[in-house]
Amino acid sequence: MNAQLTPVEIQELQQLLPNDTPAQQALTTLQQHNGNLETTFDALWQEKVGKTDYSRGKKSLLQLTLNEIRAEICGDDGLQGKIKEYTKNPGSASLLNSIIGSLVAVAAVNGIPMDGAIATIVVLYILKIGINVLCKYTDPASEGDKDNNS
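Here, residues in each chain are numbered from 1, in the same order as that chain's written sequence. Selection of residues for local features in this predicted model requires a pLDDT of at least 70, selection of side-chain atom pairs for listing and counting requires 80 or more, and totals for whole chains, interfaces and linings are taken over all residues. Hydrogens and water are ignored here; the side-chain numbers use all heavy atoms of the structure.

The name given to the chain in an unreviewed UniProt entry is CUE domain-containing protein, and the organism recorded there is Nostoc linckia FACHB-391.

The following block contains the structure:
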């Protein structure tokens, strides 16, 4: 699933978070990648970690990361609740910052090197596709339905 933000959506977010340096870095990189959240994630990841090719089938690095923290995102009523609340009130900078901060903490607990810029892109991806879609789309149980023939 390739999620993309429009230039208008990016501009609105830049205006919503004007003093948030990591978010501004993420949004600038997002503009450079024409709003493509997955390629932006890869670029920021490579800048932070240095490696983007994990060669795990057809899944993107963003999808692999989401798989690692899906249980915490989808099972955490607090984080999931904040995301749902933000979708009802998308102009709340403090709520958006709270979600990003919570995601950085969840990633750290899981040993994933995620800074504020990378977390911003992950949160924007989740908001773009929807928390319910994320929780079902990355559910390992749904992957068992795929044909395993090589």
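Moving on to the nonpolar core. In plain words, nonpolar cores are sets of buried Ala, Val, Leu, Ile, Met, Phe, Trp, Tyr and Cys residues tied together by side-chain atoms within 4.5 Å. Summary of the burial criterion: residues with accessible area below 20% of their type's maximum are buried, those above 50% are exposed, and those between are partly exposed, where the area comes from a 1.4 Å probe applied to protein chains only. One finds Ile 73, Leu 96, Met 114 and Val 122 to be the most contacted residues of the largest nonpolar core, which totals 46 residues. Of all the secondary-structure elements, those providing two or more residues to this core are helix 1 (7-16), helix 2 (21-32), helix 3 (37-48), helix 4 (61-75), helix 5 (77-88), helix 6 (93-109), helix 7 (116-129) and helix 8 (131-137). Where helices and strands are cited, they refer to DSSP runs of H or I of at least four residues and of E of at least two residues respectively, numbered from the N terminus. Ranked by the residues each element gives to this core, the list is headed by helix 7, at 11 residues. Beyond its immediate chain neighbours, meaning those up to four positions away, Leu 96 contacts Leu 13, Leu 16, Leu 17, Tyr 86, Val 123 and Leu 127. Note on contacts: a residue pair is in contact if any heavy atoms of the two residues lie within 4.5 Å.

Between the first and last C-alpha of helix 3 there are 16 Å, a value that for 12 residues agrees with the 16 Å anticipated at 1.5 Å per step. Those residues of helix 3 that fall on the buried side of the exposure criterion are Leu 37, Glu 38, Thr 40, Phe 41, Leu 44 and Trp 45. Take helix 3 and look down its axis: the buried residues cluster within an arc of 160°, on one side only. For helix 3, the secondary structure elements touched by its buried residues are helix 2, helix 4 and helix 7. N or O atoms closer than or at 3.5 Å make up a polar contact, with two conditions inside protein: a donor-capable atom paired with an acceptor-capable one, and, for residues adjacent in sequence, both atoms drawn from side chains. The N-cap of helix 3, judged by a side-chain oxygen 3.0 Å from the amide nitrogen of Glu 38 a few residues on, is Asn 36. Looking at the residues trailing helix 3, positive phi occurs at Gly 50, about 100°. A helix's residues, less one, multiplied by 1.5 Å, set its expected span. Note that the arc is defined by the directions from the helix axis to the C-beta atoms.

Turning our eyes to something else, we now look at the packing of aromatic side chains. The geometry of an aromatic ring pair is captured by two quantities: the separation of the ring centres and the angle between the planes. Two rings belonging to Phe, Tyr or Trp (six-membered ring only in the last case) form a pair when the distance between their centres is within 6.5 Å. Interplanar angles under 30 degrees mark stacking, angles over 60 mark edge-to-face geometry, and anything in between is tilted. Applying the stated criterion to the full structure yields 1 aromatic pair. Centre to centre, the rings of Phe 41 and Trp 45 are 5.7 Å apart; their planes meet at 25°, and the pair counts as stacked. On the criterion of helical spacing, the pair formed by Phe 41 and Trp 45 is a turn pair, its members being 4 residues apart in helix 3. Trp 45 carries the same exposure label as Phe 41, and that label is buried.

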